[in-house]
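If you want the building blocks of each chain, they are given just below.
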Amino acid sequence: MARKQKSLSDVFTAGFFKQNPVFVQFLGMCPTLAVTGSVESAIGMGAGVIFVLVLSNLIISLIRSAVPREVRIPIYIVVIASFVTMLEMLMNAFVPDLAAQLGTFLSLIVVNCLILGRAEAFASKNGPVRSVLDGLGMGIGFTGGITLLAFFRELLGKGSITIWGDFALNLIPSDFQISILVAPAGAFLVFGILVSQINKIKLRRAEQGEVA
Amino acid sequence: MKPVKIVVMLLVVVLVSSVGVYFVESITTPIIEDRRAQEIEEALQSIFPAIDGTTDTVTSDTDVDFGTTGITDVLVIRDGDDNVKGYVYTMTFRGFSSEIIYLVGIDAAGAITGYQTLQQNDTAGYGAQIADEENWTQFTGMSIETAGNGDFDGLAGATVTTNAWKSSFETLFNFHLDTYGYTPMTDEQLLLQKKQTLVGNDLTIESYTPDLAPGDYGITAVDVATDGTDNQAVIYTVEFVGYNATGSNTYLIAFDLATNEVLGGTALSSDDTEGFGALILDNANWADFPGMSLEDAEDGNFDGIAGATVTTLAWKQSLVDVGMFHRVEFLGETPRTVESLSELLFPGADRFTNVTSEKPFGTMIEGVYDVFDDLGAKLGTVYHVQTIGASYAELTTIEFLIGIDTADNFTGFYMLDDSETPGRADAFYADDYGDTIEGVAITDDYELDAVGGSTITYNVITAAIDEVVHYHQTKYILLPERIMDALAEAYPGAVSFESVYSDYDFDATINNLYAAKDGSDAVIGYVYYATATGYSGNIIEFMWGVDNSGVAQQLYIMNDTQSWDDATYAGYDGAFGTDFNTSTWLDLFEGVTFQSILDTEVIDAAGVSTTTGGMKVSLERIAQYHADQNVGGAS
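Because the structure is predicted, anything quoted here is derived from the model rather than measured. (Residues numbered from 1 in each chain as written. Chains lettered and ligands numbered in written order. Predicted model: local features only at pLDDT ≥ 70, side-chain atom pairs only at ≥ 80, totals over all residues. Heavy atoms only, no water.)

Draft legend 1. View of the overall build of chain B. A tally of regular secondary structure across chain B gives 11 helices and 20 strands. The C-alpha radius of gyration of chain B comes to 38 Å, more than 25% above the 26 Å expected for a compact globule of 635 residues. Taking the principal axes of the C-alpha coordinates as reference, chain B spans close to 150 × 55 × 50 Å. Taken across its 635 residues, chain B has 48% of its residues classed as buried. (Helix = DSSP H or I, 4+ residues; strand = E, 2+ residues; numbered from the N terminus. Rg over C-alpha atoms; globule rule 2.2 N^0.38 Å. Buried < 20%, exposed > 50% of the residue type's maximum accessible area, 1.4 Å probe, protein only.)

Draft legend 2. Looking closely at the overall build of chain A. The number of helices and strands found in chain A is 9 helices and 2 strands. Secondary structure elements in chain A, listed N-terminal to C-terminal, are α-α-α-α-α-α-α-α-β-β-α. Relative to its length of 212 residues, chain A is compact, with a C-alpha radius of gyration of 19 Å against a globular reference of 17 Å. Every one of the 212 residues in chain A was classed for burial, and the buried ones make up 46%. For chain A, long-range pairs separated by at least 24 residues make up 75% of all intrachain contacts whose partners lie at least 6 apart in sequence. Here chain A displays about 10,400 Å² of accessible surface, and carbon together with sulfur accounts for 67% of that area. Within chain A, one finds 16 positive and 12 negative side-chain charges whose respective centroids are separated by 13 Å. (Contact = heavy atoms within 4.5 Å. Areas by Shrake-Rupley, 256 points an atom, 1.4 Å probe, with all protein chains shown as cover. Lys, Arg positive; Asp, Glu negative; His and termini not counted. Charge placed at Lys NZ, Arg CZ, Asp CG, Glu CD.)

Draft legend 3. Quick look at the interface of chain B and chain A. Contacts between the two partners involve 21 residues from chain B and, on the opposite side, 28 residues from chain A. Between chain B and chain A, a total of about 2,000 Å² is buried, with carbon and sulfur atoms accounting for 77% of that surface. Looking at the side of chain B facing chain A, the largest losses of area belong to Met-9, Val-21 and Asn-121 of chain B, adding up to 22% of the total buried there. At the junction of chain B and chain A, the tally comes to 0 salt bridges. Counting across the interface, chain B meets chain A through 3 residue pairs in polar contact (both at pLDDT 80 or more). Ranked by residues supplied to the side of chain B that touches chain A, first place goes to helix 1 (residues 2–47) of chain B with 16 residues. (Buried area = accessible area lost by both parts, 1.4 Å probe. Salt bridge = Lys/Arg side-chain N within 4 Å of Asp/Glu carboxyl O. Polar contact = N/O pair within 3.5 Å; in protein donor to acceptor, adjacent residues only side chain to side chain.)

Draft legend 4. Representation of the packing of helix 4 (residues 72–94) of chain A against helix 7 (residues 113–121) of chain A. All names here are of chain A. It is the contact of helix 4 with helix 7, at a shortest axis distance of 11 Å, that shows an interaxial angle of 130°. On the basis of their axis angle, the class for helix 4 and helix 7 is oblique. Relative to helix 7, the crossing made by helix 4 is right-handed. Contacts between helix 4 and helix 7 pair Arg-72, Ile-73, Tyr-76, Ile-77 and Ile-80 from the former with Ile-115, Leu-116, Ala-119 and Glu-120 from the latter. Class assignment of the residues belonging to the contact of helix 4 with helix 7 gives a composition of 7 nonpolar, no polar and 2 charged. (Axes fitted to C-alpha atoms, helices over the stretch in contact; angles between N-to-C directions. Parallel < 35°, antiparallel > 145°, perpendicular 65-115°, else oblique. Left-handed = near helix turned anticlockwise from the far one by under 90°. Nonpolar A, V, L, I, M, F, W, Y, C, P; charged D, E, K, R; others polar.)

Draft legend 5. Spotlight on the sheet that holds strand 17 (residues 510–517) of chain B. All names here are of chain B. Strand order in the open sheet formed by 5 strands is 16-17-18-19-20, with antiparallel pairing between adjacent strands. Of all the strands in the sheet, the pair left with one neighbour each is strand 16 (496–499) and strand 20 (552–557). Pairs of neighbouring strands in the sheet enclose a mean axial angle of 25°, with direction left out of account. With respect to the sheet, helix 11 (residues 609–628) is in contact with strand 17, strand 18 (523–533), strand 19 (539–547) and strand 20, its orientation differing from that of strand 18 by roughly 140°. (Pairing = 2+ DSSP bridges.)

Draft legend 6. Fine view of the environment of His-176 of chain B. Residues and elements named next belong to chain B. Looking at the element boundaries, His-176 is found in helix 3 (residues 159–179). His-176 sits in the buried class, given a relative accessible area of 0%. Each C-alpha atom of the pair His-176 and Gly-348 lies 71 Å from the other, and the pair is 172 residues apart in sequence. Apart from residues no more than four positions distant in its own chain, His-176 is found in contact with Tyr-87, Tyr-89, Ile-106, Ile-144, Gly-181 and Tyr-182.

Draft legend 7. A look at the pattern of salt bridges. For the coordinates displayed, the defined rule picks out 11 salt bridges over all chains. Here Arg-72 of chain A ties to Glu-120 of chain A by a salt bridge, and the two come within 2.8 Å at their closest N and O atoms. Of this pair, Arg-72 of chain A sits in helix 4 while Glu-120 of chain A sits in helix 7; the two residues are 48 residues apart in sequence, bridging distant segments of the chain. The shortest N-O distance in the salt bridge between Asp-82 of chain B and Arg-78 of chain B comes to 3.8 Å. Each of Glu-295, Glu-298, Arg-327 and Glu-333 of chain B takes part in a single network of salt bridges with overlapping partners.

Draft legend 8. Geometry of the packing of aromatic side chains. All names here are of chain B. For the coordinates displayed, the defined rule picks out 41 aromatic pairs over all chains. Measuring from ring centre to ring centre gives 5.6 Å for Phe-410 and Tyr-446, while their planes differ by 80°; the resulting arrangement is edge-to-face. Taken as a pair, Phe-410 in strand 15 (residues 410–418) and Tyr-446 in the loop between strand 15 and helix 8 (455–474) lie far apart in primary sequence, 36 residues in all. Members of the aromatic cluster, each reached through a chain of ring pairs, are Phe-93, Tyr-102, Tyr-115, Trp-136, Phe-139, Phe-152, Trp-165 and Phe-169. The residue whose ring lies beneath Lys-166 is Phe-152, and the NZ or CZ to ring-centre distance is 5.2 Å. Between the NZ or CZ atom of Arg-351 and the centre of the ring of Phe-372, over which it lies, the distance is 4.3 Å. (Phe/Tyr/Trp six-rings, centres within 6.5 Å; stacked < 30°, edge-to-face > 60°. Lys NZ or Arg CZ within 6 Å of the ring centre and 35° of its normal.)

Draft legend 9. Up close: a nonpolar patch on the surface. All names here are of chain A. A grouping of Leu-148, Phe-151, Phe-152, Leu-156, Ile-178, Ile-180 and Leu-189 is seen on the molecular surface, where their side chains present a nonpolar patch of about 530 Å² in accessible area. At 4 residues, helix 8 (residues 128–158) tops the list of elements feeding residues into the nonpolar patch. As for its position among the elements, Leu-156 is in helix 8. (Patch = residues over 30% accessible without salt bridge, like charges linked within 9 Å, V, L, I, M, F, W, Y side chains within 5 Å.)

Draft legend 10. The packing of helix 3 (residues 39–63) of chain A against helix 8 of chain A, seen in detail. All names here are of chain A. At a closest axis distance of 8 Å, the pairing of helix 3 and helix 8 adopts a crossing angle of 165°. The angle between helix 3 and helix 8 places the two elements in the roughly antiparallel class. Handedness of the crossing formed by helix 3 with helix 8: right-handed. Of the residues that constitute the contact of helix 3 with helix 8, the class distribution is 20 nonpolar, 8 polar and 3 charged.

Draft legend 11. Expanded view of the nonpolar core. Ranked by size, the top nonpolar core spans 55 residues in total, and within it Met-45, Val-52, Ile-75 and Ile-109 of chain A carry the most contacts. The set of elements that each furnish at least two residues to this core consists of helix 3, helix 4, helix 5 (96–102), helix 7, helix 8, strand 1 (160–163) and helix 9 (184–211) of chain A together with helix 1 of chain B. If near-sequence neighbours (up to four positions away) are discounted, Val-52 of chain A is found in contact with Asn-57, Ile-80, Phe-83, Val-84, Leu-87, Ile-109 and Ile-115 of chain A. Residues Ile-510, Tyr-528, Ile-622 and Tyr-625 of chain B belong to the second largest nonpolar core, which totals 36 residues. (Core = buried A, V, L, I, M, F, W, Y, C linked by side-chain atoms within 4.5 Å.)

Draft legend 12. Spotlight on helix 8 of chain A. An ideal rise of 1.5 Å per residue puts 45 Å on 31 residues; helix 8 of chain A measures up with 42 Å between its terminal C-alpha atoms. Just downstream of helix 8 of chain A lies Gly-159 of chain A, where phi reads positive at about 80°. (Expected span 1.5 Å × (residues − 1).)

Draft legend 13. Region of the structure containing a negative patch on the surface. All names here are of chain B. Taken together, the side chains of Asp-444, Asp-445, Glu-447 and Asp-449 make up a negatively charged region of the molecular surface. Inspection of the secondary structure assignment puts Glu-447 in the loop between strand 15 and helix 8. Here Glu-447 falls in the exposed class, since its relative accessible area comes to 63%.

Draft legend 14. Fine view of the side chain of Arg-153 of chain A. Residues and elements named next belong to chain A. Along the polypeptide, Arg-153 turns up in helix 8. Buried charge without a partner: Arg-153 forms no salt bridge, and the closest opposite charge is Glu-154, 9.4 Å away. A polar contact of 2.7 Å, which involves the side chain of Arg-153, links it to the backbone oxygen of Leu-181. Separated by 3.0 Å, the side chain of Arg-153 and the backbone oxygen of Ala-183 make a polar contact.

Draft legend 15. Here's a closer look at the pairing of strand 5 (residues 112–119) of chain B. All names here are of chain B. Counting buried positions along strand 5 yields 7 of 8 residues, so the element is predominantly enclosed. Where strand 4 (residues 99–107) lies against strand 5, 6 bridges are found, and the strand directions are antiparallel. The residue of strand 5 that forms the bridge with Ile-101 is Gln-119.

Draft legend 16. Just helix 4 (residues 187–199) of chain B, in detail. Residues and elements named next belong to chain B. Under the 1.5 Å per step criterion, the end-to-end length of helix 4 is 19 Å for 13 residues, consistent within 8% with the ideal 18 Å. Listing the buried residues of helix 4 in full gives Lys-195, Gln-196, Leu-198 and Val-199. For helix 4, the angular spread of the buried residues around the axis is 155°, confining them to a single face. Residues of helix 4 that are exposed and angled more than 90 degrees away from the buried face: Asp-187 and Thr-197. In the core, the buried residues of helix 4 are packed alongside strand 6 (204–207), strand 7 (219–226), strand 8 (231–240), strand 9 (249–256) and strand 10 (262–270). Gly-200, located one to two residues past helix 4, shows a positive phi value of around 95°. (Arc of directions from axis to C-beta.)

Honestly, that's just the spatial picture; any functional story needs more than this.
See the structure below:
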């Protein structure tokens, strides 16, 4: 019996919580840990990933029937790399500060397994509309995940949240800041704590489901 | 067929992707290049301030091979005559976690004219400090060789980025030396350049000969910056001693002559402790100065150096002197000498004679000035008093003048200077402050207005005034005739006397010490003018002579406070006479050597032992002082 196809809204929202790329699928860990020192760079990275993910999903789903199975991965990589290159150029031209902030991690979107993963797992098997929605949903989930991580790291590590220099939220005096959290090691700590809390919630829900 | 399909499909995808990338690249590249050029152009003025937008030309040097130096561009700046003025390098290097791009300007003499980090993405709080301007200012004026040797401050906690940064500068220095070379500036040229930086490049700096003696104000050189017609600014080279008493600090400070605002300042040298007082060399500690008013500079309204309180205080004090010099030399204000200010206390005075060196030491007395009218009659005395201030935060001083006329009345009080908490002690400066004590006898209670919030300062001042009054009454020669008479009594063979107390240590019981001279002005002995505590705590004032061989001369009692008339009730048998002042007991201290008085105890007179005991203590102390101080080499 063929599996029932998911509705469009399910496709779109799957990445938000149920299959969240950051906290559930553990995809795209490199930027997750590297650019979450500030909310600003996390949002920027998220926007970049959405751009590449949506467009690569779209193109790959459009050409999926013409792509020989043997060379599908190189072709997906070429498509993804092209979009990442374009993204890099566009960001350097129009949002240079953000591009500088993201640095080399912008280029590393090419090897972000979230993108290749969705290309292989979804776009290569679904139509363009569903693929675009999947890319968008996963991208938003990814952005939300890394932004949440960045929020805690920046808030606790720097005592404030600053977005594009205009919006600043100063909450914690310097004596009480935990500066290691904005250092690379802090990413692992905060990520581990967040994952444990999410798992705790999932476990509790599962237990409640069993009881019910 | 399948292999063909694979090849074709790969080819098509690559081609379409390439076209897409090419299309986006053609749109973005001009934008990126324009922006980078604009950034460099904007940075150029701060990187190379000497650039003249109208006559200078800026060209990129395309003839050199940068190799693996990390240099991406060199702009060569030439003046209107095609002489090279300097270079601006664009450098890249790999920091801890990002590519870092910076610009650095170097003039023809190899001095760095400016530095700016254009791009970095290092760890916040660590390598990212390279983007903080406070880490850039250290380069201005530094030789590229110094920077190439890595002799500049790195980034705290960011060892990897700092090492890479220093390595990048080393590469830059080697490249610069090999490619362009440079003739280092002489010390004079470097100094001139620093002065020029303070006043701007449009003005010409000339040496200035002031009317005042700048050395009196700690100023070692005065220069003016002229536009060809008028002097627009003045630059002082100032020297002061900070924490390290064996060395000094020197700095430049420039004032605008139109507004009298500070144009800027910079330290030239410091012998103070590295990391503390020597931080005066850090231009960040001079950041408060540009635009500061003369008053604020004098009041020390700037941050100073954290952790270097003594040097900061000395620095602020030196600015008070600079301000004083500036006011007199360039603003035409009356010099604030003690003599000129003393006129406020003695309006009818004709001259003030500094007699400090003739007077005995007083702990707070900085100076003593006798005041005379135009006929030569003495009007009184002005005391210049300096005492420790009341600030809890740092060592401060309070300095004031107080006048006492010949009738022993105060003539006024004038606050000369204090370094108390700014804003707190201002009321003490008011012209009418101290008027309330004018005409009050020094022996009477006086009233000075208390200043709200400055109780401790007020108490310090009144305590100092009390000290002056005590000094005036006991240590200062109020009645020359009385003193002269007493001196003659104590040393009958002498023709004249001269106070030599300032040559020896101060002793609380000795009011003064005089050299007794004969007709040929040769010193034949000494006279001690001292006090002892007698019966009922009354003070016995006396003069005691001693010749050059240490033989005591006459012991003369100057006041009549000890009555022996009724001492019989206490068992006094009258053996030495009934009047202390003429008693034969005093003769025991005449015609004998000081040494014998120390060796053999003189007897007390029973029944009047309080008086004789008090006298003995004082006389023995003088004999001991005479020996210890080797007065006149007579010990």
